[in-house]
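Structural overview for review
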Amino acid sequence: MTTSATKQLIQLFLLLIITATTTACNEPPPAEPVLKIETIVLNKSNINSFKRELLQDYVSNRNDLLNQFKAFKKEGNPHGFVQYRNYEWTPHYIEKKDYYQVVLKKNKAYIEKASIKPLFLKFDNLLIIGVNLKNALLDSDDELLKSTYAQIKADHTVISKFKK
């Protein structure tokens, strides 16, 4: 094969790579599927079981977050906690939070009448608590940690009033 033919083959190969790359870059990303969340309609017959479910989800998510926080803090591994919070805890939490937001929106009048809106607000607050725990650990901020624990305690006091 001559030098000229080799150069032409290389140029053709490069042209094919550039064309393939350009074509791939111009394609829109695949659309994410739109998930339709089935929503409960709250009423007298199901409000107590719904409250128990929401309370259980709150306690479970809070305890998972706190247990992992304490374990990673004890290990002196703040980045391990950040990874856990970002990639394990938060996606699971957001899925539940989105569901409860849909329930709240669909049942707003009944939720106000039943006086259970604080449950939704405290569940939402778990995200802030997670961020504060992360920042307290990363920055070795004892004041932020104290105020976050105080918030957890205050939220728990509110939540406990609904355990009937």
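The following paragraphs examine the structure supplied in this document.

Next up on the list: the overall build of the protein chain. Within the protein chain, the regular secondary structure consists of six helices and zero strands. Order of helices (α) and strands (β) in the protein chain, N terminus to C terminus: α-α-α-α-α-α. Sorting the 164 residues of the protein chain into buried and exposed places 31% on the buried side. As presented, the protein chain carries roughly 11,100 Å² of accessible surface, and 57% of it is formed by carbon and sulfur atoms.

With respect to the element layout, P78 can be found in helix α3 (residues 78-106). For the pair formed by P78 and S140, sequence separation is 62 residues and the distance between their alpha carbons is 9.3 Å. In this structure P78 touches L137 and L138, once residues within four positions along its chain are discounted.

Counted according to the given criterion, the structure contains 10 aromatic pairs. Considering the side-chain rings of F50 and Y100, the 5.8 Å spacing of their centres and the 75 degrees angle between planes classify their relative orientation as edge-to-face. Separated by 50 residues along the polypeptide, F50 in helix α2 (residues 47-75) and Y100 in helix α3 bring together distant segments of the chain. Given the relative accessible area of 1%, Y100 is considered buried. For the ring pair F50 and F120, a centre distance of 5.9 Å and an interplane angle of 25 degrees mean the geometry is stacked. One end of the pair, F50, is in helix α2; the other, F120, is in helix α5 (residues 117-139), and 70 residues separate them in sequence. Taken individually, F50 and F120 each receive the classification buried, so the pair is uniform in this respect.

Looking now at helix α6 (residues 142-160). At 3.6 residues per turn, the α-helix brings residues three or four places apart onto the same side. Taking 1.5 Å as the rise per residue, α6 with 19 residues should run 27 Å; its terminal C-alpha atoms sit 27 Å apart, in good agreement. Every buried residue belonging to α6 is among L145, T148, I152, D155 and I159, and all of these are buried. Looking straight down α6, one finds that the buried residues subtend no more than 85 degrees of arc, so they occupy a single side. Among the exposed residues of α6, those pointing more than 90 degrees away from its buried face are D142, E143, K146 and K153. Packing partners of the buried residues in α6 comprise α2 and α5. A distance of 3.2 Å separates the backbone nitrogen of E143 from a side-chain oxygen at the start of α6, and that oxygen is part of D141.

Conventions adopted
- Residues numbered from 1 in each chain as written.
- Predicted model: local features only at pLDDT ≥ 70, side-chain atom pairs only at ≥ 80, totals over all residues.
- Heavy atoms only, no water.
- Helix = DSSP H or I, 4+ residues; strand = E, 2+ residues; numbered from the N terminus.
- Buried < 20%, exposed > 50% of the residue type's maximum accessible area, 1.4 Å probe, protein only.
- Areas by Shrake-Rupley, 256 points an atom, 1.4 Å probe, with all protein chains shown as cover.
- Contact = heavy atoms within 4.5 Å.
- Phe/Tyr/Trp six-rings, centres within 6.5 Å; stacked < 30°, edge-to-face > 60°.
- Expected span 1.5 Å × (residues − 1).
- Arc of directions from axis to C-beta.
- Polar contact = N/O pair within 3.5 Å; in protein donor to acceptor, adjacent residues only side chain to side chain.

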